[in-house]
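# What the coordinates show
What follows is the residue order along each chain.
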Amino acid sequence: MARIKPQALLQQSKKKKAPRSISVAAIALYSVVTVVMVFFLFATYRHWSQRSIMQTEEGTSNFQVEDDILDSKKSDVPKYAIFNTSKGLITVELYNEGSPEIVDEFIDACQKGHFKGMLFQRVVKHFVIQGGDSENHAVIEDWTSREKHYNQLEKRLKHEAFMLGTSNTKHDKETFDIFITTAPIPDLNAKLNVFGRVIKGEDIVQEIEEVDTDEHYRPKSRIGIIDVTLKQTI
């Protein structure tokens, strides 16, 4: 048997270790697969990114619309009421935030003409003047015995002079009564709900307070409200 020379063995070893050559078709196939995978990943990322942005914008838009609606409703609520009385004009600032339920009832009653021609049924010097149905309040002292309908007022809404309020009893649009205090009377917190403050026409309130009354505090001459005008600004 012939011996193989060392040089020949070295050449055979190199041939065995050398990597096999990769065909051009395989390279092209690998390239196409890689490109497709990269494109797929990019398309997926772009899709979910845009969807997330759209959802965020949609949520923000909805919140903005809701806020705009709420702001619009708030801005539509009148802030002032002008009482045209037989003695002159009395301008009242309404407490839309402090007493929203009562203000809503008052505005509704105004829009239905409830206060047109309403008489001041009770006038008590250094106390209060009352406009409304006298049959609901036979005497002023009965106020304390009536059941409360609304929650207790905020502490900042004190019954000082020239405050506009209504009785604590439950009433509908046909029996909505009003009271304007003519002196600081803190104990009325349990009797009346304040929903406004006279900011102009205090002298008219005082003039009404000075009219002659009978023993039941009823004015001897007819004096009352001609109409009420609601305004956003004055």
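Values in this document were obtained by computation on a predicted structure and should not be read as measured data.

### Regarding the pattern of salt bridges
Going through the model one piece at a time under the given rule, you end up with four salt bridges. When the shortest N-O distance is used, the salt bridge between Glu93 and Arg197 registers 2.9 Å. With Glu93 in strand E2 (residues 89–94) and Arg197 in strand E7 (residues 192–200), this residue pair connects regions lying 104 residues apart in the sequence. What makes Arg197 partly exposed here is its relative accessible area of 33%.

### Remarks on the nonpolar core
By size, the foremost hydrophobic cluster in this structure holds 30 residues, and its most contacted members are Phe83, Phe106, Phe115, Ile178 and Phe195. Within the residue set of this core, elements represented by two or more residues are strand E1 (80–85), E2, helix H3 (100–111), strand E3 (120–124), strand E6 (178–181), E7, helix H4 (202–209) and strand E8 (225–231). Among the elements that make up this core, the one with the highest residue count is H3 (six residues). Those residues within four positions of Phe106 in sequence are excluded, and the remaining contacts are Ala81, Phe83, Leu94, Phe115, Phe176, Phe195, Val228 and Leu230.

### Thoughts on the pairing of E3
Counting buried positions along E3 gives four out of five residues, so the element sits mostly inside the fold. Relative to strand E4 (residues 128–131), E3 runs antiparallel, the two sharing four bridges. By the bridge assignment for E4, Val124 is matched with Val128.

### Let's talk about the sheet that holds E3
Ordered by their spatial adjacency, eight strands build an open sheet running E3-E4-E6-E5-E7-E2-E1-E8, and the pairing between neighbours is antiparallel. If you trace the sheet from one side to the other, it starts and ends with E3 and E8, each paired once. Neighbouring strand axes in the sheet, compared pairwise and without regard to direction, differ in orientation by 25 degrees on average. Pairing geometry for E1 and E2, over five bridges, is antiparallel. Paired with Asn84 across the two strands is Leu89, which belongs to E2. Packed onto the sheet, H3 meets E1, E2, strand E5 (163–167), E7 and E8 and runs at close to 120 degrees relative to E8.

### Describing H4
Burial in H4 covers these residues: Ile204, Val205, Ile208 and Glu209. For H4, the arc enclosing every buried residue in end-on projection is 145 degrees, short of the 170-degree limit, so these residues lie on one face. The secondary structure elements touched by the buried residues of H4 are E1, E2, E3, E4 and E6.

### Quick word on H3
For H3, with 12 residues, the first-to-last C-alpha span of 16 Å sits near the 16 Å given by 1.5 Å per residue. Where H3 is concerned, the buried positions are Ile102, Val103, Glu105, Phe106, Ile107, Ala109 and Cys110. Buried residues along H3 sit in contact with E1, E2, E5, E7 and E8. Gly113 lies just past H3 and shows a positive phi near 75 degrees.

### Concerning the environment of Met163
Position of Met163 relative to the elements: it lies in strand E5. The sequence separation of Met163 and Gly196 amounts to 33 residues, and the corresponding C-alpha distance is 6.0 Å.

### Side note on the packing of aromatic side chains
Following the criterion strictly, the structure yields six aromatic pairs and no others. Here Phe83 and Phe106 contribute two aromatic rings whose centre-to-centre distance is 6.0 Å and whose plane-to-plane angle is 40 degrees, an arrangement assigned as tilted. One end of the pair, Phe83, is in strand E1; the other, Phe106, is in helix H3, with 23 residues separating them in the sequence. Assessed through its relative accessible area of 2%, Phe83 is described here as buried. Ring centres of Phe176 and Phe195 lie 6.0 Å apart, and the angle between their planes is 85 degrees; on these two criteria the pair is classed as edge-to-face. Taken together, the residues span a long stretch of sequence, with Phe176 in the loop between E5 and E6 and Phe195 in strand E7 at a distance of 19 residues. On the basis of relative accessible area, Phe176 is assigned to the buried category, the value being 1%. Taken together through their ring pairs, the aromatic side chains of Phe83, Phe106, Phe115, Phe176 and Phe195 make up a single cluster.

Rules behind the numbers
- Residue numbers run consecutively from 1 along every chain, following the written order of its sequence.
- Side-chain atom pairs in this predicted model are given and counted only at pLDDT of 80 or more, local residue features only at pLDDT of at least 70, and totals for whole chains, interfaces and linings cover all residues.
- Neither water nor hydrogens contribute to the side-chain values; these are computed over all heavy atoms in the structure.
- The rule for a salt bridge is simple: a side-chain nitrogen of Lys or Arg has to be within 4 Å of a carboxyl oxygen of Asp or Glu.
- Comment: elements are numbered from the N terminus, with helices defined as DSSP H or I runs of at least four residues and strands as E runs of at least two.
- Each residue's exposure class comes from its accessible area (1.4 Å probe, protein chains only) as a fraction of the maximum for that residue type: buried when under 20%, exposed when over 50%, partly exposed otherwise.
- Among buried residues, the Ala, Val, Leu, Ile, Met, Phe, Trp, Tyr and Cys ones that are joined through side-chain atoms within 4.5 Å form a nonpolar core.
- Any two residues whose heavy atoms approach within 4.5 Å are treated as being in contact.
- Pairing between strands requires that DSSP locate at least two bridges from one strand to the other.
- To get an axis, fit a line to the C-alpha atoms, keeping to the stretch in contact for a helix; angles then go from 0 to 180 degrees between the N-to-C directions.
- The directions from the helix axis to the C-beta atoms form the arc being described.
- Here the expected length of a helix is defined as 1.5 Å per residue gap, with one fewer gap than residues.
- The criterion for an aromatic pair is that two Phe, Tyr or Trp rings (for Trp, the six-membered ring) have centres within 6.5 Å, with stacked assigned to planes under 30 degrees apart, edge-to-face to planes over 60 apart and tilted to the rest.

Nothing here speaks to function; it is all geometry.
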